[in-house]
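Reading the structure
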Number of protein chains: 2
Amino acid sequence: MSNALASSPKRDHLMATAWRLFYRDGLRAVGIDTILAEAGVAKMTLYNHFASKEELIISILEKRDVEFRASLMGHVEAAGPDPEKRLLAVFDWLEGWFGSESFKGCVFIRAVSEYPDPSHPIHQTARRHKVAVKAALTDLCAAAGAKEPATLAEALGLLIDGAIVTAHATRSTAPARSAAVAASALLRLATA
Amino acid sequence: MSNALASSPKRDHLMATAWRLFYRDGLRAVGIDTILAEAGVAKMTLYNHFASKEELIISILEKRDVEFRASLMGHVEAAGPDPEKRLLAVFDWLEGWFGSESFKGCVFIRAVSEYPDPSHPIHQTARRHKVAVKAALTDLCAAAGAKEPATLAEALGLLIDGAIVTAHATRSTAPARSAAVAASALLRLATA
DNA sequence: GCGAGAATATACAGATCTGTCTATTTCCTT
DNA sequence: AAGGAAATAGACAGATCTGTATATTCTCGC
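Note that the structure is a prediction, hence the values are computed from the model and not measured.

Now for the relation of the copies chain A and chain B. Of the transformation placing chain A onto chain B, the axial shift is 0.0 Å and the rotation is 180°, giving an RMSD of 0.0 Å. A rotation of that kind, with that shift, is consistent with a two-fold axis. Looking at the rotation axis and the C-alpha trace of chain A, the residue lying nearest is Gly162 of chain A, at 2.0 Å. Residue by residue, 100% of the interface of chain A is reproduced at the interface of chain B, so both copies engage with the same surface.

What follows is about the domain arrangement of chain A. It is common to give the size of an interface as the accessible area lost on bringing the parts into contact. All names here are of chain A. What the domain assignment lists for chain A is domain 1 (1-51) and domain 2 (54-191). Its C-alpha centre places domain 1 at a distance of 27 Å from the equivalent point of domain 2. Every contact between the two is made by 17 residues of domain 1 and, on the other side, 17 residues of domain 2. Between domain 1 and domain 2, a total of about 1,600 Å² is buried, with carbon and sulfur atoms accounting for 67% of that surface. Taken together, the connections running from domain 1 to domain 2 amount to 6 residue pairs in polar contact (both at pLDDT 80 or more). Going through the elements one at a time, α1 (9-25) and α3 (43-49) are the ones with two or more residues in the side of domain 1 that touches domain 2. With 8 residues, the top contributor of residues to the side of domain 1 that touches domain 2 is α1. Taken together, the residues of the side of domain 1 that touches domain 2 break down into 11 nonpolar, 2 polar and 4 charged.

Relative to the elements of secondary structure, Ser8 of chain B occurs in the segment before α1 (9-25). Side-chain polar atoms of Ser8 of chain B contact the backbone nitrogen of Arg11 of chain B, separated by 3.1 Å.

A separate point is the packing of helix α8 (residues 149-170) of chain A against helix α8 (residues 149-170) of chain B. Packed helix pairs are characterised by how far apart their axes lie and by the angle those axes make with each other. Contact geometry of α8 of chain A with α8 of chain B gives a least axis separation of 7 Å together with a crossing angle of 95°. Comparing the axis directions of α8 of chain A and α8 of chain B gives the class roughly perpendicular. Judged by residue contacts, Glu154, Ala155, Leu158, Leu159, Asp161, Gly162, Ala163, Val165 and Thr166 of chain A of α8 of chain A engage Glu154, Ala155, Leu158, Leu159, Asp161, Gly162, Ala163, Val165 and Thr166 of chain B from α8 of chain B. A class-by-class count of the residues in the contact of α8 of chain A with α8 of chain B yields 10 nonpolar, 4 polar and 4 charged.

Attention now goes to the protein's contact with DNA strand D. Near DNA strand D you find 18 residues, and of these Thr45 of chain A together with Ile32, Lys43, Tyr47 and Lys53 of chain B are the closest. For DNA strand D, a phosphate oxygen lies 2.7 Å from a polar atom in the side chain of Thr45 of chain A. At the level of elements, α3 of chain A together with α2 (32-39) and α3 (43-49) of chain B are the ones that each hand at least two residues to the surface near DNA strand D. In the surface near DNA strand D, the residues fall into 8 nonpolar, 6 polar and 4 charged.

What follows deals with the packing of aromatic side chains. All names here are of chain A. In total, this model carries 14 aromatic pairs over all chains according to the counting rule given. Where Trp97 meets Phe98, the ring centres are 5.9 Å apart and the plane angle is 40°; that geometry is what we call tilted. With centroids separated by 5.1 Å and ring planes inclined at 80°, the aromatic side chains of Trp97 and Phe103 adopt a geometry described as edge-to-face. As far as the burial class goes, Trp97 and Phe103 line up, both buried. Site record: aromatic cluster; members linked through ring pairs are Phe68, Trp93, Trp97, Phe98 and Phe103.

Near DNA strand C you find 17 residues, and of these Ile32, Lys43, Met44 and Lys53 of chain A together with Thr45 of chain B are the closest. The protein-proximal atoms of DNA strand C, defined as those within 4 Å of the protein, are 54% sugar or phosphate. Residue Ile32 of chain A places a main-chain N or O atom 2.6 Å away from a phosphate oxygen belonging to DNA strand C. One of the side-chain nitrogen or oxygen atoms of Lys43 of chain A is found 2.6 Å away from a base oxygen of DNA strand C. Broken down by secondary-structure element, the contributors of at least two residues to the surface near DNA strand C are α2 (32-39) and α3 of chain A together with α3 of chain B. Looking at side-chain class alone, the surface near DNA strand C contains 8 nonpolar, 5 polar and 4 charged residues.

Moving on, we get to the pattern of salt bridges. Residue and element names in this part refer to chain A. Tallying each qualifying case throughout the model produces 26 salt bridges over all chains. A salt bridge links Asp33 to Lys43; the nearest nitrogen and oxygen atoms lie 3.1 Å apart. On the criterion of sequence distance, the pair formed by Asp33 in helix α2 and Lys43 in helix α3 is long-range, its members being 10 residues apart. Where Lys134 meets Glu154, a salt bridge forms, and the shortest distance between an N and an O atom there is 2.5 Å. Remark: Glu154 occurs in helix α8 and Lys134 occurs in helix α7 (residues 121-143); sequence separation between them is 20 residues. In the salt-bridge network here, residues are joined through shared partners; they are Lys63, Arg64 and Glu67.

What follows concerns α7 of chain A. For α7 of chain A, with 23 residues, the first-to-last C-alpha span of 34 Å sits near the 33 Å given by 1.5 Å per residue. Tucked inside the fold, the buried residues of α7 of chain A contact α4 (53-78), α5 (83-99), α6 (107-114) and α8 of chain A together with α8 of chain B. Immediately downstream of α7 of chain A, the backbone of Gly145 of chain A shows phi near 90°, a positive value.

All names here are of chain B. Here Arg86 is to be found in helix α5 (residues 83-99). Using a relative accessible area of 17% as the deciding quantity, one classes Arg86 as buried. At a separation of 3.1 Å, a polar atom in the side chain of Arg86 contacts the main-chain carbonyl oxygen of Gly80. With residues near it in sequence (within four places) discarded, Arg86 still touches Val76, Glu77, Ala79, Gly80 and Pro81.

How each quantity is defined
- Every chain begins its residue count from 1, and numbering advances along the sequence as written.
- Going through the entries in the order they are written, you letter the chains from A and number the ligands from 1.
- Side-chain atom pairs in this predicted model are given and counted only at pLDDT of 80 or more, local residue features only at pLDDT of at least 70, and totals for whole chains, interfaces and linings cover all residues.
- To get the side-chain values, all heavy atoms of the structure are used, and hydrogens and water are removed first.
- Alignment of copies: least-squares fit on C-alpha atoms of residues with pLDDT of at least 70 in both copies.
- Only heavy atoms enter the contact rule, under which two residues are in contact if any of them lie within 4.5 Å.
- Reported domain spans reflect what an automatic or database domain assignment gives.
- Accessible area, probed at 1.4 Å, shrinks when two parts are joined; the buried area is that loss added up over both.
- Two N or O atoms form a polar contact when they lie within 3.5 Å of each other; inside protein one atom must be a possible hydrogen donor and the other a possible acceptor, and for residues adjacent in sequence the pair counts only when both atoms belong to side chains.
- Runs of E in the DSSP output that reach at least two residues are strands. Runs of H or I that reach at least four are helices, and both are numbered from the N terminus.
- Residues are grouped as follows: Ala, Val, Leu, Ile, Met, Phe, Trp, Tyr, Cys and Pro are nonpolar; Asp, Glu, Lys and Arg are charged; every other residue, Gly included, is polar.
- Axis definition: a line fitted to C-alpha atoms, limited for helices to the stretch in contact. Angles are taken between N-to-C directions and run from 0 to 180 degrees.
- We call two directions roughly parallel when the angle between them is under 35 degrees, roughly antiparallel when it is over 145, roughly perpendicular when it lies between 65 and 115, and oblique otherwise.
- Residue proximity to a molecule or strand is established when one non-hydrogen atom of the residue lies within 4 Å of it.
- Any two of the Phe, Tyr and Trp rings considered here, Trp counted by its six-membered ring, make a pair once their centres fall within 6.5 Å; the pair's planes then place it as stacked at under 30 degrees, edge-to-face at over 60, or tilted in between.
- Buried, partly exposed and exposed residues are distinguished by accessible area as a fraction of the type maximum, computed with a 1.4 Å probe on protein chains only: under 20%, between the cut-offs, and over 50%, respectively.
- Note on definitions: salt bridges are taken to be side-chain nitrogens of Lys or Arg within 4 Å of carboxyl oxygens of Asp or Glu.
- Here the expected length of a helix is defined as 1.5 Å per residue gap, with one fewer gap than residues.

Below you can see the structure in the form of structure tokens.
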């Protein structure tokens, strides 16, 4: 029997296929059989790599958390050394994301929505992602010279999550610009 | 056969029971049979009042939209005539909501999350709610003397949705205060 | 008391869900 | 070529899902 944590081509392929379907249609809406048919993989292969659908979901969320933050911070790095530019690059990155063809909101917000009980492992995994993102935001705010980095990061985090939700509900990239303008104003106040 | 739109005690009771279960556990997670057992109502009674589960959900969302905005605006009215106080009363109202025992986020955000396809009737119903709330916010911003009421309302809407999501994910009322502080700052800038 | 409309219990259809089991085959390493 | 792990197909269990059909009972106005 294979180790449930080890990486393998089949495991990676299952996670990639499941991710695409879960993100497109929802965690509860997509069944195991649909994933298997789409991936062209046998059912026992899935259950040799993952103990359950729930563990599959959590593995995907944890992977997405790492990828999400790497993509975000990669865009921040590309913005150069100016701390203010770096912070506002977050909102450019959001705008690009919102405009992508397959954009369907934030999978972590959606996971919290689908598993609303705070004690549920999937809910908790999604929460950990939000905490990690806020920590990264706090670093950026501190570097930008905010007097209370955590306070500013909290406000920017609200703008970001609100923008994601609004962009999904209204199918528009405009919330990224609105959030950027508000964030810029708050940053100015927080560093003055 | 009864009219699907008419009000009746059984219909109201079904909607109240379904609302409680849907909000607590999720729209897809709760089955018809669970609602019927909890409400103590026969299956045919439900299908005499609603064509499908989807229609039941939409009816509940539309009712909640009206109740939600009535509750919010009621709190605004109670804040008195000062336009700035009225606008900031929105965030006090949020804090009370976040602190309530049964708080599980915003059912409309969660509906968008569970039915991510923008063409789905449930998704569209949830979007209409968000549009209606933003219109109400715009009125409040205009009354408070904002130079660009729609722009300010957009930013406040992002703060509100972000606060709801964050409060749900972190099980805390703190996002209401953070949003209030940021909103107050943005209001000052927008009226200066 | 009667009759009509509403609600009931119950069974059912047909699909789908997660997860298990078994027997076979494929594939890689030695 | 042989051994062993991994993947396969496919049946299966047992539950659950939405929605339908039928026949009975309840309730209430007249």
